[in-house]
Amino acid sequence: MSAGPPILQKDPRASYLAHRAEIDAAIRGVLEGGRYILGEQVAAFERELAAFVGVAEGVGVASGTDALELSLRALGIGAGDAVFTVSHTAVATAAAIERSGAVPVLVDIDEATLTMDPQSLEDAVKKVAGDRAVARPRAVVPVHLYGHPADMPAILDVARRHDLRVVEDCAQSHGARLDGRATGGWGDTAAFSFYPTKNLGAVGDGGMLLTADPTVAGRARALREYGWRERYVSDVPGLNSRLDELQAAILRVKLRHLEADNARLRALAGAYDRALADAPVQRPARRPGVEHAYHQYVVRTPQRDGLQRWLRDRGIGTAVHYPQPVHRQPAYAGRTPLVVSLPRTETAVREILSLPLYPELAEAAVARVAEAVRSWTPDGG
Ligand SMILES: *Cc1c(COP(=O)(O)O)cnc(C)c1O
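A few points on the structure. (Residues numbered from 1 in each chain as written. Predicted model: local features only at pLDDT ≥ 70, side-chain atom pairs only at ≥ 80, totals over all residues. Heavy atoms only, no water.)

Concerning the packing of helix 6 (residues 118-130) against helix 7 (residues 152-162)
Where helix 6 meets helix 7, the axes come as close as 9 Å, and the angle between the chain directions of the two elements is 15 degrees. On the basis of the axis angle, helix 6 is roughly parallel to helix 7. Our pair here, helix 6 against helix 7, has a crossing hand that is right-handed. Residues Pro 118, Leu 121, Glu 122, Val 125 and Lys 126 of helix 6 form the contact with helix 7, whose own contacting residues are Ala 154, Ile 155, Val 158, Arg 161 and His 162. Residue composition of the contact of helix 6 with helix 7, grouped by class: 6 nonpolar, 1 polar and 3 charged. (Axes fitted to C-alpha atoms, helices over the stretch in contact; angles between N-to-C directions. Helix = DSSP H or I, 4+ residues; strand = E, 2+ residues; numbered from the N terminus. Parallel < 35°, antiparallel > 145°, perpendicular 65-115°, else oblique. Left-handed = near helix turned anticlockwise from the far one by under 90°. Contact = heavy atoms within 4.5 Å. Nonpolar A, V, L, I, M, F, W, Y, C, P; charged D, E, K, R; others polar.)

So, in structure tokens, the structure goes:
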């Protein structure tokens, strides 16, 4: 067992320190500029992230959850509509669907990538379509979980055949690509989160809706500010969900480093892959054509809790994303339509463990984590 200082699972402070001079200058610029909400920093960041993803429009909002909710509302989805997503996700995904007024319908995941299984989606859409008592199938929210893109060609095929709008949950996939196309560039809209530990993280809350459709973007811009058509004239009942200038200025700095940060994450994930090749855990899968953003490096073992304790005793921080699927959460249990059981989801949540991973993590730390995993014995440990 290699002793050493504690290793954090995520370390947003390290990201600040890595870009400190640029971030400090950006903050000072905003403070001295005197415009603090929806100003030139937000407008520039909207353009820059949209260009990075390869779509026309960006709408800065207060969180990733709001970006999902406003996506659905701007697409005209609400009460009486069914929106399909996975149960294996941040509860925010389902919460945003409910806040739009729609009913979340939860489907199972693919065994290898732990992202939405297109066949489970198809089955659920057919069931809902055959039982209009539940709701009308209107949209699907695939989640690019852990930075691995969902199977977008297959999901878009189901969506096309059943006339579903597609809202990508990109909260964990900034910079991930599938067949050369960025996540966020596949659906009708995409929702990004800038929660501090995400690949592109603010120093507070923030989010953005991206879309190629200027009409949808215009609706979202109105909705984020009281439904204003023009100042003080509300066309529709909206809300207050604005991105502030400080976060936008900091995020513009971090966006310039995102590709290099993601390359570093891929290098560290490769180091984990090699060092864990003969370890008693299952390593994360990566499908052909995928440029992974490695928001998390997630291993699997049926004796997950034992491994987590073993690592904690050695000063190594880990996390479980997420310990309960949405349909087992107290807030949702028993009232998510159609869910009898989601077997692959339920097995996965018992086995997953997110190892330490962030761009500033040292190779030596990765080696120490991998060594600790290799020295663990599932039954005796
Ligand atoms: C973080 C996250 C969200 C929510 O983003 P917030 O900015 O925290 O509201 C939604 N979906 C997924 C998959 C996430 O990881």
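With respect to the site of the ligand
Around the ligand, the structure places 15 residues, and the nearest of them are Gly 64, Thr 65, Asp 169, Ser 193 and Lys 198. At a separation of 2.5 Å, an oxygen atom of the ligand approaches a polar side-chain atom of Thr 65. One of the side-chain N or O atoms of Gln 172 is found 2.8 Å from an oxygen atom in the ligand. Look at the ligand: alone it shows 380 Å² of surface, and the protein chains cover 90% of it. Those elements giving two or more residues to the shell around the ligand turn out to be helix 4 (64-74) and helix 5 (91-99). Its residues placed into classes, the shell around the ligand shows 5 nonpolar, 8 polar and 2 charged. (Near = heavy atom within 4 Å. Polar contact = N/O pair within 3.5 Å; in protein donor to acceptor, adjacent residues only side chain to side chain. Areas by Shrake-Rupley, 256 points an atom, 1.4 Å probe, with all protein chains shown as cover.)

Considering the packing of aromatic side chains
Scanning the entire structure with this criterion turns up 5 aromatic pairs. With 4.9 Å between their ring centres and 65 degrees between their planes, Tyr 226 and Trp 228 make a pair best called edge-to-face. Here Trp 228 falls in the buried class, since its relative accessible area comes to 15%. Relative to Tyr 232, the ring of Trp 228 has its centre 5.4 Å away and its plane inclined at 75 degrees; by these criteria the two rings are edge-to-face. On the basis of relative accessible area, Tyr 232 is assigned to the exposed category, the value being 64%. Just above the ring of Trp 186 sits the side chain of Arg 181; from NZ or CZ to the centre is 4.0 Å. The side chain of Arg 314 reaches across the aromatic face of Trp 310, ending 3.4 Å from its centre. (Phe/Tyr/Trp six-rings, centres within 6.5 Å; stacked < 30°, edge-to-face > 60°. Buried < 20%, exposed > 50% of the residue type's maximum accessible area, 1.4 Å probe, protein only. Lys NZ or Arg CZ within 6 Å of the ring centre and 35° of its normal.)

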